[in-house]
Amino acid sequence: MALVAAGVVVLDCAEPEKLAGFYKELLEAEEVDAHANRVEVQAADGFRLALRRDVNATPPSWPRPENSLQVHLEFVVDDLDAVERRIVGLGGRPVETGDASGHTEERGYADPAGHSFTVRRGVPTAPKQG
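Residues numbered from 1 in each chain as written. Predicted model: local features only at pLDDT ≥ 70, side-chain atom pairs only at ≥ 80, totals over all residues. Heavy atoms only, no water.

Looking at an unreviewed UniProt entry, one finds the protein chain named Catechol 2,3-dioxygenase-like lactoylglutathione lyase family enzyme, with Streptomyces griseomycini as its source organism.

And the structure:
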């Protein structure tokens, strides 16, 4: 039997209730736990994400190096355009990561609190470069 039975990704932010709403809608998740300083959501596939209040949280500046990537979430999707419309409609924003021309299988975004995440089709075939 494993010593660790389950895990949860925790993101620090100034307004966990607001950010939980973003991820509940994006992931079609449900709120499974809430306290004064933490809200946890769970997607249908079992993925758990908690948002913890930290009034001094500083959003990462990725892809700029001065306050670079602190955590990075990655979601697998079928329709990149439909997911992008949903993300922007929920208050997220696209992140400029280089040449935007041509067909891409992966796109970068920031949630309303500034945490970066990627949506992609398929499974990555190579390690991150750089």
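Examining the environment of Ala113
Convention followed: Secondary structure elements follow DSSP: runs of H or I of four or more residues count as helices, runs of E of two or more count as strands, with numbering from the N terminus. The classification of residues rests on relative accessible area computed with a 1.4 Å probe and restricted to protein chains. Under 20% of the type maximum is buried, over 50% is exposed, and intermediate values are partly exposed. Contacts are assigned to residue pairs that have any heavy atoms within 4.5 Å of one another.
Structurally, the position occupied by Ala113 is in the loop between β7 (106-110) and β8 (116-120). For Ala113, a relative accessible area of 27% translates into the label partly exposed. It is 7.7 Å that separates the C-alpha atoms of Ala113 and Ala14, two residues lying 99 residues apart in sequence. With residues up to four places along the chain from it excluded, the contact list for Ala113 reads Cys13, Leu19 and Pro59.

Concerning the sheet that holds strand β2 (residues 30-35)
Stated formally: Strands are treated as partners if at least two bridges between them are detected by DSSP. Whenever a helix is involved, its axis is fitted only over the stretch in contact; in every case the axis is a line through C-alpha atoms, and angles between N-to-C directions fall within 0 to 180 degrees.
Taken in spatial order, the four strands of this open sheet run β1-β4-β3-β2, and their pairing is mixed. Bordering the open sheet on either side are β1 (9-13) and β2, each of which pairs with just one other strand. Taking each pair of neighbouring strands and ignoring which way they run, the sheet shows an average axis angle of 20 degrees. Two strands pair when backbone bridges link them, and strand β3 (residues 38-42) and strand β4 (residues 48-53) are joined in this way by five bridges, in the antiparallel orientation. Opposite Gln42, over in β4, you have Arg48 as the bridge partner. Contacts between helix α1 (residues 16-27) and the sheet are confined to β1, β2, β3 and β4, with β4 contributing the most and set at about 160 degrees to the helix.

Describing the pairing of strand β5 (residues 72-76)
Residues Leu73 and Phe75 point to one face of β5 and are all buried, whereas His72, Glu74 and Val76, pointing to the other face, are not buried. The pairing of β5 with β8 spans five bridges and is classified as parallel. Each bridged residue has a counterpart across the sheet, and for Leu73 the counterpart in β8 is Phe117.

A word on the sheet that holds β7
Strand pairing in a sheet takes place through backbone hydrogen bonds and is either antiparallel or parallel in direction. The mixed open sheet is built from four strands, whose spatial order is β5-β8-β7-β6. In the strand order of this sheet, the two ends are held by β5 and β6 (93-94), each with one partner.

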